[in-house]
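Observations on the three-dimensional arrangement
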Amino acid sequence: MVGALVVFCLTYLLLSSRRLEPHGLDRPTAALVGAVAMVIVGGLPLPRALAAVDLHVLALLLGSCSSPPTCRRRGSSGGARSWS
């Protein structure tokens, strides 16, 4: 239980810090590292962590994050602005 509290506090400090970029970290990466560390120290059992993952939301995020770079490569980055 103490390990989970330490991981939570360190992750919270990382997420609240404004100086993550010089260290090569961004907030989503810090959150992911904190989640993995929480499973490793036993703060959240692996079966409960896997049960909490919603694959529909992950698919939606993957699609929304991968479409803008694809559109930029194909030259349609203007979006709705190009219709006016």
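For the structure itself, look to the data block above.
None of these values were measured; they are calculated from a predicted model. (Residues numbered from 1 in each chain as written. Predicted model: local features only at pLDDT ≥ 70, side-chain atom pairs only at ≥ 80, totals over all residues. Heavy atoms only, no water.)

Section: helix α1 (residues 2–16)
The first and last C-alpha atoms of α1 sit 21 Å apart over 15 residues, in line with the 21 Å expected at 1.5 Å per residue. The set of residues buried in α1 consists of A4, V7 and T11. Angularly, the buried residues of α1 cover 60 degrees about the axis, an arc narrow enough to put them on a single face. Exposed residues pointing more than 90 degrees away from the buried face of α1 are listed as V2, L5, L10, Y12 and L13. Buried residues along α1 sit against α2 (27–40). (Helix = DSSP H or I, 4+ residues; strand = E, 2+ residues; numbered from the N terminus. Expected span 1.5 Å × (residues − 1). Buried < 20%, exposed > 50% of the residue type's maximum accessible area, 1.4 Å probe, protein only. Arc of directions from axis to C-beta. Contact = heavy atoms within 4.5 Å.)

Focus: the layout of surface pockets
Considering only enclosed or pocket space, the largest pocket measures out at about 320 Å³ in volume. Every residue lining the largest pocket is listed: A31, L32, A35, V36, M38, V39, L44, L46, A49, L50 and V53. Of all the elements in the fold, those that place two or more residues in the lining of the largest pocket are α2 and α3 (46–51). Here the lining of the largest pocket gets six residues from one element, more than from any other, and that element is α2. Grouping the amino acids of the lining of the largest pocket by side-chain chemistry returns eleven nonpolar, no polar and no charged. (1 Å grid on protein atoms, 1.4 Å probe; cavity = no way out; pocket = protein on both sides within 12 Å on 5 of 7 lines; lining within 4 Å. Points joined across faces, edges and corners; volume = space filled by probe spheres on them. Nonpolar A, V, L, I, M, F, W, Y, C, P; charged D, E, K, R; others polar.)

In short, the description is geometric, and any link to function would need to be established separately.
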